[in-house]
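For reference, the chains in residue letters:
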Amino acid sequence: MSYQKFDRRIMTNLGTALPLELLHANSRGAYHCSSVVGCNTRKYHGLLVVPSESGPDPDVLLSSMDETVIQHGAEFHLAVHKYHDGTLSPNGHKYIREFSVEECPRTIYRVGGVVLSKEIVFSSKINQLLIRYRLLEAHSETTLRLMPMLAFRTVRELTHINDKIDWSYTSEDHGVSLCLYKGMPRLYMQLSKYDAVWHQEPTWYRDFFYDREAERGNACVEDLPVPGYFSLNIRRGEDIILSASDCAIDPETLEETFEEALRSYGVADTFATCLRRSARQFFYEPRPGKSYLKAGYPWYGVRLRDEMVGLTACSFGIGEPELYHKVMDTALPAIWSYLDEGEEDSVIEDIWQPDSLLWVANAIQDYYRWAGKEETKKRYGATLRRAIRYIREGRVPLLEMRRNGLLYADPGEARRPITWMGTMIDGAAVVDRRGYIVEYNALWYNALCFYRFLFDLQEDEEVTELIDQVRESFIRTFVNEHGYLLDYVADGRPLDWSVRPSQIIAVGLTYSPMSRKLQRSVLDYVTKELLTPKGLRSLSPVSPLYKGYAGGNQRERYYAYVQGGAWPWTLYYYLSAYLKLFKRTGLFFVDRMLIPFEEELSLNGIGTISEIYDETPPYRGRSDLSFMMSVSAILRIVNRMVEYKSIWDEEGDLYDSFLSMTSHHSSSPDQGRGGADEEAAVTEESERGDKALNTERKE
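What counts as what
- Residues numbered from 1 in each chain as written.
- Predicted model: local features only at pLDDT ≥ 70, side-chain atom pairs only at ≥ 80, totals over all residues.
- Heavy atoms only, no water.
- Helix = DSSP H or I, 4+ residues; strand = E, 2+ residues; numbered from the N terminus.
- Rg over C-alpha atoms; globule rule 2.2 N^0.38 Å.
- Buried < 20%, exposed > 50% of the residue type's maximum accessible area, 1.4 Å probe, protein only.
- Contact = heavy atoms within 4.5 Å.
- Areas by Shrake-Rupley, 256 points an atom, 1.4 Å probe, with all protein chains shown as cover.
- Lys, Arg positive; Asp, Glu negative; His and termini not counted.
- Charge placed at Lys NZ, Arg CZ, Asp CG, Glu CD.
- Phe/Tyr/Trp six-rings, centres within 6.5 Å; stacked < 30°, edge-to-face > 60°.
- Lys NZ or Arg CZ within 6 Å of the ring centre and 35° of its normal.
- Pairing = 2+ DSSP bridges.
- Axes fitted to C-alpha atoms, helices over the stretch in contact; angles between N-to-C directions.
- Polar contact = N/O pair within 3.5 Å; in protein donor to acceptor, adjacent residues only side chain to side chain.
- 1 Å grid on protein atoms, 1.4 Å probe; cavity = no way out; pocket = protein on both sides within 12 Å on 5 of 7 lines; lining within 4 Å.
- Points joined across faces, edges and corners; volume = space filled by probe spheres on them.
- Nonpolar A, V, L, I, M, F, W, Y, C, P; charged D, E, K, R; others polar.
- Salt bridge = Lys/Arg side-chain N within 4 Å of Asp/Glu carboxyl O.

Caption draft 1: The overall build of the protein chain, seen in detail. Secondary structure assignment for the protein chain yields 19 helices and 36 strands. Taken against the 2.2 N^0.38 rule, which gives 27 Å for 699 residues, the C-alpha radius of gyration of the protein chain at 27 Å falls within 12% of a compact globule. For the C-alpha atoms alone, the extent of the protein chain along its principal axes is close to 85 × 55 × 45 Å. Taking all 699 residues of the protein chain together, the buried fraction comes to 65%. If you take every contact in the protein chain between residues at least 6 apart in sequence, the share linking residues at least 24 apart comes to 67%. For the protein chain, the accessible area works out to roughly 26200 Å², and carbon and sulfur atoms hold 47% of it. The distance from the centre of the 81 positive side-chain charges to the centre of the 101 negative ones in the protein chain is 2 Å.

This is the structure in structure tokens:
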């Protein structure tokens, strides 16, 4: 199956092509994002978007590059733009014969006797976009005109005709540079061809229309400044490379730089390699020694919880374990600086969230599955011990370990969200989850058990008594008479009986405080009421608050995201629970659950997975185009399946691709490193859970 090739039939039908979006990013935080035909449909779209030096939102410098092929005086415009009155002009999509992203975004245009190839890559070293034009066929003299549509604004703004613009330019080696507004980065446009001519003809193009912004109820009409254009002759078989960057470059190096960037892309022609490429793009290193994982593109920054959830999949899972150490070495000092001194990090968001250390402990446990016990203890044992101590001593803001051993979180009057269900309307959490929160305490129990295992504290009575206390309190607090788990229980508030997905974390984690019978009951409820092909619903359809469509304006979307929206990242814990309870007999069910995501790689965000999906067919992708927790969830499922690599389907192709993706180590995550030596500890805890009190929750 080809995930990344699209023929003329798709590309010439804008009803099909415009919803297909493409995103490529480099490790410095710059990105290129647009529809596959090059028609921008969001204000976040742009050919070159770079991190801002003056604020958190990146800057759209180059909105698009409009190409025109000229033969015998006839002009053929290859661009596509939509205007406020519904006009589409030019209609360059009708010239597209093929589009592929297997190596890099590559479009083939046929205009009469001219066949032109256009390839786009990002440099991984600097914020530099490279476009290579190759004239494959031509029977007469051909001229290429390149007209840059500029923006020079942040991704959250729109620009309009104004008198503050600075049209002046500076001649550069094989090109020009401009800075339209004071305080913005300078844009350098340079070509590999020395005789390209720049024609300075400043003008405004008006009323560009962005469909996706209109869907959200946002401002959606923009004017774009065009300072002029390049013109150059191009011969049959000739390559011309255009560089757009925020710094000057040597045009003589463009061919070498392009080929180097192309090699770094690899070939994404399978399910596994597409996911691997997508995961790699979240790695963000704005300067040496500071490494992060972005929560998503095009609009998210760095969030601690997201980093910890996806860290092993976006490092070990793509064969680059050194990325784990880089990100963790950046995150940990920021965490301790906040907890000890109250100093918030300038890049990492949400360090203040009460569950931060719980997810750090879980990320260390994930590391153990790849690196083994001794290596984990050596590198991160002190971190795990410190995290457990800080939580027990009440040193985490808004979090308290109560006398029953459970964790109680309360943001007070702020009403801000303190869990992954983080949407807000009118300054308040849409779902005000507080008190005893189910995933908080599932993570707490799991962390304590892993802590005991890692440090061989089986004979430590204090630790064992705390674990037993947490287990029994968890059952009394969260298990209801229907056999599923309450989402949260807060002092002085009525019980919320909603069936929500966070309860599956208590089953999917390595150590569960529940008996296998209770785990199976929870899994059955989640399957029956929350499971969709694209993730778990955030709320059961039985609830009167349920919303089955995550579209509409911003307010409607924020509500739907946590009142029904299907989240792919929760699938890891669901399928992990399924494999844990059904072992190898569940492998083929997990296989089937991955099929919709294979299809998804050719929909919405090409080669990646969105943040959230509609809860009802056709399960359209919503919100962030490429979401790290979604991509990493599928990679984590792949890692779990490798544990059962002795089980193959008849063709074996899918599993072969899985193994090739995770083949940095010669064995699976759990075999020969972590996992095998933990199995006995897990079995012992399971037996303790089977003997634990299975009583109804006390009021």
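Caption draft 2: Fine view of the packing of aromatic side chains. Throughout the structure, instances matching the rule amount to 36 aromatic pairs. Of the aromatic side chains, those joined through ring pairs into one cluster are Trp 359, Trp 420, Trp 567, Trp 569, Tyr 572 and Tyr 573. Here Arg 416 stacks its cationic end above the ring of Trp 352, 3.8 Å away from the centre of that ring. If you follow Arg 636 out to its NZ or CZ, it ends over the ring of Tyr 572, 4.0 Å from the centre.

Caption draft 3: Focus on helix H5 (residues 271-280). Within H5, seven of the 10 residues are buried, which leaves it mostly tucked inside the rest of the structure. For H5, every residue scored as buried is listed here: Phe 271, Ala 272, Cys 274, Leu 275, Arg 277, Ser 278 and Ala 279.

Caption draft 4: Broad picture of the sheet that holds strand E10 (residues 106-111). Strand order in the open sheet formed by nine strands is E1-E9-E10-E11-E12-E19-E16-E15-E14, with antiparallel pairing between adjacent strands. Each end of this open sheet is capped by a strand with a single partner; those strands are strand E1 (5-7) and strand E14 (169-172). If you compare each strand with its neighbour and ignore which way they point, the axes differ by 15° on average. The pairing of strand E15 (residues 175-178) with strand E16 (residues 187-191) spans four bridges and is classified as antiparallel. Within E16, the position partnered with Leu 178 by the bridge is Leu 187. Running at roughly 100° to strand E12 (residues 128-137), helix H4 (residues 254-265) makes contact with strand E11 (114-122), E12, E16 and strand E19 (239-245) of the sheet.

Caption draft 5: Representation of helix H14 (residues 554-562). Within H14 the residues assigned to the buried category are Arg 557, Ala 560, Tyr 561 and Val 562. On its buried face, H14 is in contact with helix H3 (211-215), strand E33 (566-567), strand E34 (612-613) and strand E35 (621-622). Two to three positions downstream of the cap, the backbone nitrogen of Arg 555 sits 3.1 Å from a side-chain oxygen, assigning the N-cap of H14 to Asn 553. Looking one or two residues past H14, Gly 564 carries a phi angle of roughly 145°, positive in sign.

Caption draft 6: Geometry of empty space enclosed by the protein. Under the criterion given, the structure shown has eight cavities of 30 Å³ or more. Considering only enclosed or pocket space, the largest cavity measures out at about 290 Å³ in volume. Lining the largest cavity are 27 residues, and of these Val 37, Gly 38, Tyr 109, Lys 118 and Ile 120 lie nearest its centre. Secondary structure elements with two or more residues in the lining of the largest cavity: strand E3 (31-35), strand E4 (46-50), strand E5 (59-71), strand E7 (80-82), strand E9 (96-100), E10 and E11. For the lining of the largest cavity, the element with the most residues is E5, which contributes five residues. When the residues that make up the lining of the largest cavity are grouped by side-chain class, the tally is 13 nonpolar, 10 polar and four charged.

Caption draft 7: Structural detail: the pattern of salt bridges. Following the criterion strictly, the structure yields 43 salt bridges and no others. We note a salt bridge from Arg 9 to Asp 7, for which the minimum N-O separation is 4.0 Å. Here Glu 215 ties to Arg 212 by a salt bridge, and the two come within 3.6 Å at their closest N and O atoms. Highlighted residues: Glu 215 and Arg 212, both in helix H3, separated by three residues, approximately one helical turn. Exposure remark for Glu 215: the relative accessible area of 32% places this residue in the partly exposed category. By relative accessible area, Arg 212 is classed as buried at 9%. Among the charged side chains, a salt-bridge network with shared partners connects Glu 21, Arg 42, Arg 212, Glu 215, Arg 557 and Arg 620.

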